[in-house]
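Given next are the chains, with one letter for each unit.
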Amino acid sequence: MRRGFLSWLMICVACLFSSPGYADAVTDWNAIAGKAAVAACISPFDDPLHESRLYAMMHIAIHDAVNSIDLRFRPYVFRFPEVRSASTDAAVATAARDVLVSLINQIPEPPFTPECRAEGVKVVEAAYAAALQAASGSVPQKTKGVEIGRAAAAAILALRANDGSDTTLLDSSYPTGKEPGEYRFTPPFTFAFAPKWGDVTPFVLNHPWQFPPPPPYNLHTRKYAADFVEGKRL
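Residues numbered from 1 in each chain as written. Predicted model: local features only at pLDDT ≥ 70, side-chain atom pairs only at ≥ 80, totals over all residues. Heavy atoms only, no water.

**Q** Outline the environment of Ala39, listing residues and values.
**A** On the secondary structure map, Ala39 appears in helix 2 (residues 20-39). For the pair Ala39 and Ala118, spaced 79 residues apart in the sequence, the C-alpha separation amounts to 8.6 Å. (Helix = DSSP H or I, 4+ residues; strand = E, 2+ residues; numbered from the N terminus.)

In C-alpha cells form, the structure reads like this:
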C-alpha cells in the first residue's frame, strides 16, 4: 500500500514549494501542530500514538492539496483537477487546520479532558485565522485554495476513519500472569497502554505485521539472562 510514500512525502512537499515563503508554510504548520498537541495534553509524553498519527495525516492532506494546485507527484488519496490559480497558502492552511481540529476533537476521553481538547483547537484556530489573513492571492484565489485544502483534508479523514485508532488506551483488563516470563503490569501502573495499537491500519505497509520483530528469548538462555541483568542495571 503506497510503498515508501511517507519516506519521501516531505521531500515532495518541499519540491512543490519552490519558493522560500511556500517552504515556510509547511514547516510553520508542522510547528503549529506540535504546539496544538502540547496544548491538547497529548504531547510530549502522554499519547505519542495519536500524536504521530495527527502529524502524518496533516502532512498527507497538505501534500495532496498542494499537488492539486501544481501536479508533480502521485497523490496519496486526493486528486483535484489542477488549478494553478488557487492560493497555495490558503490550501496549505486549510488542509492542516481541518485535519488538526478534527483529530484533536477525537482525542480519547478518558484519559484526556474536554478542556485539553479545547485548548488544542484554540491554538489551531488562531493560527489559521492569521494564516488566511496573510495568504497570498486574490479573494477568488484564496477561496479556491480553501476549497482544495478542505477537500484534501476530508479525503484523508475519510480514509482513516475506521483504521482502528479508537482502540482503548488504558486497558486495565488486559490479561496478565504470575509465572516467570508472563506479562504483568509495570508497577505502579495498573493497566497496559494501547495493547491493540499494533492492529491500526498502517500508512505505508501492506499490513501491520509485514515486518514482525522476533519473539522474546527463551527464559532459559544466556541471551535472556543478559537482557534481564541489563534491564536491572538500567
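**Q** How would you explain helix 5 (residues 114-134) if you had to name every residue and give the values?
**A** Between the first and last C-alpha of helix 5 there are 30 Å, a value that for 21 residues agrees with the 30 Å anticipated at 1.5 Å per step. Those residues of helix 5 that sit buried are Cys116, Arg117, Gly120, Val121, Val124, Ala127 and Tyr128. The buried residues of helix 5 occupy one face: seen down the axis, they fall within an arc of 130 degrees. Seen from the open side of helix 5, the exposed residues pointing more than 90 degrees away from its buried face are Glu115, Lys122, Gln133 and Ala134. (Expected span 1.5 Å × (residues − 1). Buried < 20%, exposed > 50% of the residue type's maximum accessible area, 1.4 Å probe, protein only. Arc of directions from axis to C-beta.)

**Q** Describe the confidence of the model for the chain, and please don't skip the residues or the numbers.
**A** On average, residues of the chain score 89 in pLDDT, and 90% of them reach the 70 mark or higher. Counted against residues more than four places away or in other chains, residues 1-8, with its pLDDT under 50, gives 25 contacts. The low-confidence segment residues 14-22, where pLDDT is below 50, has 18 contacts with residues more than four positions distant or belonging to other chains. (pLDDT = per-residue confidence, 0-100. Contact = heavy atoms within 4.5 Å.)

**Q** Provide a residue-level description of the state of the cysteines, including the pertinent values.
**A** As enumerated under the stated definition, the model contains one disulfide in all. What pairs with Cys41 in a disulfide is Cys116, and their sulfur atoms sit 2.0 Å apart. Looking along the S-S bond of the Cys41-Cys116 disulfide, the torsion reads about -75 degrees, which is the left-handed sense. Placement of Cys41 in the loop between helix 2 and helix 3 (48-69) and of Cys116 in helix 5 is noted, with a sequence separation of 75 residues between them. What makes Cys116 buried here is its relative accessible area of 13%. (Disulfide = S-S within 2.5 Å.)

**Q** Which residues make up unusual backbone geometry, and what values go with them?
**A** Of the consecutive residues Ser43 and Pro44, the connecting peptide bond is found in the cis state with omega at 10 degrees. At the junction of Pro187 and Pro188, the peptide bond is cis and its omega measures out at 5 degrees in the coordinates. Mapping Pro188 onto the fold places it in the loop between strand 1 (170-171) and strand 2 (192-193). Within the chain, Cys41 stands out as a residue other than glycine whose phi angle is a positive 75 degrees. The class of Cys41 is partly exposed, set by a relative accessible area of 23%.

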